[in-house]
Amino acid sequence: MEVGVIAGTERTHSEPGAGTNVWLRPAREKREKAEPPLTQARIVQAAVALLDEEGMDRLTMRRLAERLDAGATTLYWHVKTKADVVDLAVDAVFGETPLPDRHEDDPRQDVTALVHDWRRTVLRHPWVASVPARQRPLMGPDFLAWMEFLQSALARAGLTGTRLNAATWALYNHVMGATAAQSGLRLTTEEARLGQEYLERRRDRYPTVAAHRYLADDDWDTSFAIGLGFLLDGMLGLPRAGQK
């Protein structure tokens, strides 16, 4: 059960549907009086900014209300829970990058372009990569538009049913895993050097790891692109551009 803190007291949200995904609940009726100055759009914009600056662990309803210079009661009128705020913020992030107006003739080109855009979007907002751990499905209209574009491209390439869903999850995990690693790993040049020296002293036990200098490889763009190519080769069985 989600708990909110209002004026120093705990508040539980026990009304019907409070525990469901924000996208699956009916819209709340507007008050008869004029709309308050605080809007859902403003809340989402402030939440994205807070998450970008401080990360998921620092997001609380109290801190968000303070950032908006609003009372917690007013904030809770617009969004029931912190989880709702995160759901809305994630969807706003996916709305930042427009989808192509049309599909390419080659579905592999569609998938490649979409996944690279997806990665760039998450790198701008690295907290998004932590959302799957919350075990909440992404159901917002902007995210679903991305998913529709991706799955329709995979379907045109001949994937259906379980294979299509498995391919979707493999690509999803490639994006989220790669961006989480890139955003979270902060090795200094000195740390990488000391790590490589450690491996060199143990080359007899780890010859392959030592030889390939994985600690020093920080070319994230190339690694992501090559990994995506491996996935698509297996999923689609389609040649790379320029190959027959």
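Given the structure is predicted, the values throughout are model-derived calculations rather than measurements.

## Some points on the pattern of salt bridges
Here comes step 1: Applying the stated criterion to the full structure yields twelve salt bridges.
Here comes step 2: Between Glu 104 and Arg 102 there is a salt bridge, with its nearest N and O atoms 3.9 Å apart.
Here comes step 3: It is possible to trace a salt-bridge network through shared partners that takes in Glu 54, Arg 58 and Arg 63.

## Comments concerning the UniProt feature "DNA-binding region" (unreviewed entry) in the protein
Here comes step 1: UniProt's entry tags residues 60-79 with the feature "DNA-binding region" (unreviewed entry), counted in the numbering of this structure.
Here comes step 2: Helix makes up 70% of residues 60-79 and strand 0%. Its end C-alpha atoms lie 12 Å apart.

## Quick look at the packing of helix H5 (residues 107-124) against helix H7 (residues 161-184)
Here comes step 1: Their axes nearest at 10 Å, the elements H5 and H7 cross at an angle of 35°. The way H5 lies across H7 gives a crossing that is right-handed. Each of Val 111, Val 115, Trp 118, Arg 119, Val 122 and Leu 123 in H5 lies in contact with H7, whose residues at this interface are Leu 171, Tyr 172, Val 175, Met 176, Thr 179, Gln 182 and Ser 183.
Here comes step 2: Residue classes in the contact of H5 with H7 are distributed as nine nonpolar, three polar and one charged.

## Here's the deal with the packing of aromatic side chains
Here comes step 1: In the structure shown here, the tally under the stated rule is seven aromatic pairs.
Here comes step 2: Look at Phe 94 and Phe 143: their rings are 5.0 Å apart centre to centre, the planes differ by 80°, and that puts the pair in the edge-to-face class. Of the two residues, Phe 94 sits in helix H4 (residues 82-94) while Phe 143 sits in helix H6 (residues 141-156), which places them 49 residues apart along the sequence.
Here comes step 3: What makes Phe 94 buried here is its relative accessible area of 1%.
Here comes step 4: By relative accessible area, Phe 143 is classed as buried at 6%.
Here comes step 5: Ring plane angle 75° and centroid distance 5.2 Å describe the contact between Trp 169 and Tyr 172, whose orientation is recorded as edge-to-face. Taken together, the residues Trp 169 and Tyr 172, both in helix H7 and three residues apart, mark about one turn of the helix.
Here comes step 6: Through pairs of rings, three or more aromatic residues link up here, namely Phe 94, Trp 118, Phe 143, Trp 146, Trp 169 and Tyr 172.
Here comes step 7: Taking the ring centre of Tyr 198 as reference, the NZ or CZ of Arg 202 above it sits at 3.7 Å.

Here is what the cut-offs are and how they apply
Residues numbered from 1 in each chain as written. Predicted model: local features only at pLDDT ≥ 70, side-chain atom pairs only at ≥ 80, totals over all residues. Heavy atoms only, no water. Salt bridge = Lys/Arg side-chain N within 4 Å of Asp/Glu carboxyl O. UniProt positions renumbered as here; feature names shortened; annotations may be inferred. Helix = DSSP H or I, 4+ residues; strand = E, 2+ residues; numbered from the N terminus. Axes fitted to C-alpha atoms, helices over the stretch in contact; angles between N-to-C directions. Left-handed = near helix turned anticlockwise from the far one by under 90°. Contact = heavy atoms within 4.5 Å. Nonpolar A, V, L, I, M, F, W, Y, C, P; charged D, E, K, R; others polar. Phe/Tyr/Trp six-rings, centres within 6.5 Å; stacked < 30°, edge-to-face > 60°. Buried < 20%, exposed > 50% of the residue type's maximum accessible area, 1.4 Å probe, protein only. Lys NZ or Arg CZ within 6 Å of the ring centre and 35° of its normal.

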